[in-house]
Amino acid sequence: MRRKSGALAVYAAAFLVFLYAPAILLPVFAFNDSKIIAFPLSGFTLEWFRQILGADALHDATLNSLFIAMTTAVLATALGTFAARAATRYKFPAKAGIMGLVMTPLVLPEIIVGVSLLVAILQLGMELSLFTIILGHVLICTPFSAAILGSAFQNLDNSLEEASIDLGRSRFDTFRLITLPLVLPGVLASLLVSFTISLDEFIIAFFLAGNETTLPIYIWGQLRFPQKIPTLMAVGTVLLAASLTLLATAEFLRRSSIRRTGADAAKGLM
Amino acid sequence: MPNSSRFAKWRRSEAFRGLALASPPFLYALTMLAAPLAAVVLFSFWTQDYLTLDRTPTWNNYKTAWTEAIYQALMLRSLKVSALVTAATVILSFPIAYYVSFRVSPRRKTLWIFLITIPFWTSYLMRIFLWKVILGYNGVVNGSLMGLGLIEEPLTFILYNQNAVILTLSHAWAPFAILPIFVALERIDRSLLEASEDLGDGPVRRFFRVTLPLAMPGVLAAAVIVFIPTIGDYVTPRLVGGPNGLLIANMIELQFKKANNAPLGAALAISAMLIVTIISIIFLWLNRRYIRSRA
């Protein structure tokens with residue numbers, strides 16, 4: 001199997017360059033001492049990060065986004081736990097249809113999710129607010145949560161729960177004392193992934209936002225002003241660092257979850 | 001009381017427990033997705049005149065969406081762009097998925113998959129904007145090519161047109177194509193490859209007769225996962241598409257927001273979604289038939 005891997009390895013390396021091109025330029029321009037985003041670079045500065053501190057609208061948008069992302073993470077993970085548990089443990093009528101509907105947002109164009117919620121909300125006479133953005137974000141994060149938790153539940157050894165019930169524990173106690181601790185790392189991974197998706201989501205939020213802005217909506221508004229771009233690069237750099245920290249944590253937790261339930265770490269990847 | 005005891009028995013059954021557990025996410029999807037989708041369908045048959053809504057059902061929005069030149073042109077252009085993005089993404093992604101599955105040592109595979117997904121946690125809007133920086137008149141690509149003396153004048157065909165939209169979207173969707181293909185390749189029983197070799201197939205023949213057909217489910221999943229959602233992206237065409245790169249999603253957004261004609265926007269959104277779904281179903285059906293005929 002090792003023959004002719006030369007050309008493929010070169011391709012793989014070139015592909016990584018393509019994948020990383022934008023992500024690498026982000027910090028490069030965030031620290032570049034020029035208002036114009038172009039090469040050659042002119043020097044090192046922390047000015048753009050300093051400007052983040054003084055931008056009140058940015059702070060409001062960030063607080064809104066954090067609130068939305070945290071609420072979304074909790075709600076989506078709760079719904080995802082129900083879905084994953086039902087899908088991995090039980091057989092019931094119309095299972096494929098029910099699970100199919102829950103997972104649909106994964107393959108639906110986001111604009112459809114945004115537009116349909118917008119129409120429904122306006123028809124009901126509700127006001128657009130941060131809350132309406134949360135409704136949309138929970139919808140798109142639940143399938144991710146269900147997928148992550150699905151692999152955690154899948155690897156769970158049923159005999160542990162059966163033993164607990166045989167020994168006289170109630171179903172609820174069994175879930176609380178046996179199941180939950182075993183899948184807890186999966187739950188945390190789902191919280192982190194949902195949080196990260198919600199924090200960066202623009203297409204749906206743009207439709208469902210009322211007068212309040214989220215971080216991506218703020219970025220979208222600022223992209224029109226060339227003099228604001230360097231600060232946006234700094235914001236993007238901070239966001240990237242934060243996302244990577246969160247996701248590395250999520251991945252670490254997911255693996256320790258799989259280890260706890262006694263399966264091979266590489267297996268549950270999808 | 002036979003009825004109540006039967007109910008009590010059913011309540012303890014596996015079917016009841018499963019349904020009870022599945023109901024919160026199901027009800028959420030029903031009220032937040034299925035019902036709103038039905039509302040959009042209803043809405044697309046109404047008429048809006050600035051702020052007043054006329055609820056008399058009419059086909060007019062669909063007539064406009066399907067017959068007026070501008071909407072036809074945008075829809076066709078969107079389908080073309082989505083199809084090209086899908087083709088480019090799947091073709092570019094296959095070798096990398098193949099490399100990770102067949103050439104990377106098992107212990108390093110997770111690391112590679114992680115490496116592939118990391119760039120996608122860069123802010124989505126900033127990532128698209130950075131492609132503008134890379135492809136622009138004074139951008140990274142032109143700067144490097146001129147620096148190397150390969151071109152005299154900056155290339156202008158790489159930004160503010162469809163090529164830029166296709167490139168940016170292919171980049172954005174690459175991991176969504178790589179992962180399903182990788183999973184399909186991982187599932188291939190390696191002894192089948194040895195068998196093919198033992199039967200005298202060369203590497204090329206073996207690839208087309210064994211590896212590719214067995215990887216097809218992953219390739220098809222990748223194609224559909226990329227094709228359907230790209231029709232709904234209005235950000236990429238707006239930022240890198242230039243005046244002639246705008247797509248149907250931009251028009252839907254415009255109708256819902258500035259143009260204040262949400263029913264027409266709804267008709268356009270429903271039409272776009274139906275078209276991509278039908279194309280995907282036909283595509284999957286044809287491929288399934290093809291795979292069966294070869295099996």
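Scroll up for the structure.
Residues numbered from 1 in each chain as written. Chains lettered and ligands numbered in written order. Predicted model: local features only at pLDDT ≥ 70, side-chain atom pairs only at ≥ 80, totals over all residues. Heavy atoms only, no water.

Novice: An account of the overall build of chain A is requested, with residue identities and associated values reported.
Specialist: Helices and strands together make up the secondary structure of chain A, namely eleven helices and zero strands. Ordering the α and β elements of chain A from the N terminus gives α-α-α-α-α-α-α-α-α-α-α. A principal-axis box enclosing the C-alpha atoms of chain A has dimensions of 70 × 65 × 30 Å. Counting across all 270 residues of chain A, residues that qualify as buried make up 54%. When contacts within chain A are restricted to residue pairs at least 6 apart in sequence, long-range pairs at least 24 apart make up 70% of them. (Helix = DSSP H or I, 4+ residues; strand = E, 2+ residues; numbered from the N terminus. Buried < 20%, exposed > 50% of the residue type's maximum accessible area, 1.4 Å probe, protein only. Contact = heavy atoms within 4.5 Å.)

Novice: So what about the overall build of chain B? Which residues, and what values?
Specialist: Counting its secondary structure elements, chain B contains 13 helices and two strands. For chain B, the C-alpha radius of gyration of 25 Å lies well beyond 19 Å, the compact-globule estimate for 295 residues. In terms of overall dimensions, chain B has a C-alpha envelope of 70 × 65 × 40 Å along the principal axes. Split into buried and exposed, the 295 residues of chain B put 51% on the buried side. Considering only intrachain contacts with a sequence separation of at least 6, the fraction spanning at least 24 residues in chain B is 68%. Taken as a whole, chain B presents about 14,700 Å² of accessible surface, with 65% of it coming from carbon and sulfur. A distance of 10 Å separates the average location of the 27 positive side-chain charges in chain B from that of its 14 negative side-chain charges. (Rg over C-alpha atoms; globule rule 2.2 N^0.38 Å. Areas by Shrake-Rupley, 256 points an atom, 1.4 Å probe, with all protein chains shown as cover. Lys, Arg positive; Asp, Glu negative; His and termini not counted. Charge placed at Lys NZ, Arg CZ, Asp CG, Glu CD.)

Novice: Which residues make up the nonpolar core, and what are the values?
Specialist: Within soluble globular proteins, side chains that are nonpolar generally end up buried alongside one another. Within the largest apolar cluster, 164 residues are counted, with the highest numbers of intra-cluster contacts made by M233 of chain A together with V235 of chain B. With sequence-adjacent residues up to four places away left out, M233 of chain A is seen in contact with L26, F29, A30 and I37 of chain A together with M126, F129 and L130 of chain B. (Core = buried A, V, L, I, M, F, W, Y, C linked by side-chain atoms within 4.5 Å.)

Novice: Can you lay out the interface of chain B and chain A for me, pointing to particular residues and giving the numbers?
Specialist: At the interface, 83 residues of chain B touch 83 residues of chain A. Taken over both partners, the interface formed by chain B and chain A buries close to 7,700 Å², and the fraction arising from carbon and sulfur atoms is 81%. Applying the counting rule to chain B against chain A returns zero salt bridges. Linking chain B with chain A are nine residue pairs in polar contact (both at pLDDT 80 or more). (Buried area = accessible area lost by both parts, 1.4 Å probe. Salt bridge = Lys/Arg side-chain N within 4 Å of Asp/Glu carboxyl O. Polar contact = N/O pair within 3.5 Å; in protein donor to acceptor, adjacent residues only side chain to side chain.)

Novice: So, the packing of helix α4 (residues 69-103) of chain B against helix α10 (residues 203-230) of chain B: which residues are in play, and what are the values?
Specialist: Angle between the axes and distance between the axes: these two values describe a pair of packed helices. Residue and element names in this part refer to chain B. Where α4 meets α10, the closest approach of the two axes is 9 Å, and the angle between their N-to-C directions is 135°. By the angle between their directions, the pair α4 and α10 is classed as oblique. Relative to α10, α4 is oriented so that their crossing is right-handed. Facing L79, S82, A83, V85, T86, T89, V90, F94, Y98 and F102 of α4, the residues of α10 in contact are F207, T211, L212, A215, V219, A222, A223, V226, F227 and T230. Looking at the contact of α4 with α10, its residues break down into 15 nonpolar, five polar and no charged. (Axes fitted to C-alpha atoms, helices over the stretch in contact; angles between N-to-C directions. Parallel < 35°, antiparallel > 145°, perpendicular 65-115°, else oblique. Left-handed = near helix turned anticlockwise from the far one by under 90°. Nonpolar A, V, L, I, M, F, W, Y, C, P; charged D, E, K, R; others polar.)

Novice: Before we move on, can you summarise the pattern of salt bridges with the specific residues and values?
Specialist: Opposite charge on two side chains makes pairing possible when the charged atoms of those side chains draw close. Residues and elements named next belong to chain A. A complete count under the given rule lists eleven salt bridges over all chains for this structure. Salt-bridge contacts for E47 lead to R50; the nearest nitrogen and oxygen are separated by 3.4 Å. Taken together, the residues E47 and R50, both in helix α2 (residues 47-54) and three residues apart, mark about one turn of the helix. You can call R50 exposed: its relative accessible area is 52%. Of the charged contacts, one joins R85 and E161 as a salt bridge, the two residues approaching to 3.1 Å between their closest N and O atoms. Of this pair, R85 sits in helix α3 (residues 56-89) while E161 sits in helix α7 (residues 158-166); the two residues are 76 residues apart in sequence, bridging distant segments of the chain.

Novice: So what about helix α5 (residues 110-123) of chain A? Which residues, and what values?
Specialist: Residues and elements named next belong to chain A. Taking 1.5 Å per residue as the helical rise, α5 with its 14 residues ought to reach 20 Å, and the 20 Å between its terminal C-alpha atoms agrees with that figure. Among the 14 residues that make up α5, eleven are buried, leaving the element largely enclosed by the rest of the structure. Every buried residue belonging to α5 is among I111, I112, V113, G114, V115, S116, L117, L118, V119, A120 and I121, and all of these are buried. Of the residues trailing α5, G125 is marked for its positive phi of about 75°. (Expected span 1.5 Å × (residues − 1).)

Novice: Tell me about the environment of I197 of chain A, residues and numbers included.
Specialist: Considering the arrangement of structural elements, one finds I197 of chain A in helix α8 (residues 171-200). By relative accessible area, I197 of chain A is classed as buried at 18%. Between the C-alpha atom of I197 of chain A and that of S243 of chain A, which follows or precedes it by 46 residues, the distance is 9.5 Å. Setting aside residues no more than four positions away along its own chain, I197 of chain A makes contact with I140, C141 and F144 of chain A together with W121 of chain B.

As far as function goes, none of this settles anything; it's purely spatial.
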